[in-house]
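Here is what each chain is made of, one letter per residue.
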Amino acid sequence: MSDTPWPARLSPKALEVLDELPEHAREMLRDVMDIAGRDPWSFPPFDSRDPEGEDVRSAAVGQLTAVYWINRPASRLYIVDIVWLG
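Rules of the game
- Residues numbered from 1 in each chain as written.
- Predicted model: local features only at pLDDT ≥ 70, side-chain atom pairs only at ≥ 80, totals over all residues.
- Heavy atoms only, no water.
- Helix = DSSP H or I, 4+ residues; strand = E, 2+ residues; numbered from the N terminus.
- Buried < 20%, exposed > 50% of the residue type's maximum accessible area, 1.4 Å probe, protein only.
- Salt bridge = Lys/Arg side-chain N within 4 Å of Asp/Glu carboxyl O.
- Pairing = 2+ DSSP bridges.

A. Broad picture of the environment of I79. Inspection of the secondary structure assignment puts I79 in strand 4 (residues 76-84). For I79, a relative accessible area of 0% corresponds to the buried category. Spatially, the C-alpha atoms of I79 and A36 are 11 Å apart, while their sequence positions differ by 43 residues.

Here it is as structure tokens:
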């Protein structure tokens, strides 16, 4: 895996899932979060019915879904959970 820093912080739960992902899924996650980092609101809200939850988003590509929170004050993303259907 690449030694470059992650484009987002990961929760302890997300780190556990990351350890179990195959290498190609890790790279996919890195790419998806890099894209989300450039425009965090480009992915849909996790729960569109929650008007106060606009900063919680889900980035889904193929078998991979990352649920992340947009930390506005720190100007970074925080990955809450990762789902891999592999």
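B. Up close: the pattern of salt bridges. Going through the model one piece at a time under the given rule, you end up with five salt bridges. Measuring nitrogen to oxygen at the nearest pair gives 2.4 Å for the salt bridge that ties D34 to R38. Remark: R38 and D34 occur in helix 2 (residues 23-38); sequence separation between them is four residues, near one turn of the helix. You can call R38 exposed: its relative accessible area is 64%. We note a salt bridge from R72 to E54, for which the minimum N-O separation is 2.8 Å. Here E54 lies in the loop between helix 2 and strand 2 (56-61) and R72 lies in the loop between strand 3 (64-71) and strand 4, a separation of 18 residues in the sequence. Given the relative accessible area of 39%, E54 is considered partly exposed. Counted as one network, the salt bridges with shared partners bring together E54, D55 and R72.

C. Structural detail: the pairing of strand 3. Across the eight residues that make up strand 3, a large majority, six, are buried. Summarising the sheet, strand 2 and strand 3 pair through six bridges and their orientation is antiparallel. Of the residues in strand 3, the one forming a bridge with S58 is V67. In sequence, strand 2 turns back onto strand 3 through a hairpin of two residues, with G62 there showing a positive phi of about 60 degrees. Where strand 3 meets strand 4, eight bridges bridge the pair, whose relative direction is antiparallel. What sits directly across from V67, in strand 4, is D81. Counting the residues between successive antiparallel strands, the hairpin from strand 3 to strand 4 contains four residues, one of them, S75, with a positive phi of roughly 55 degrees.

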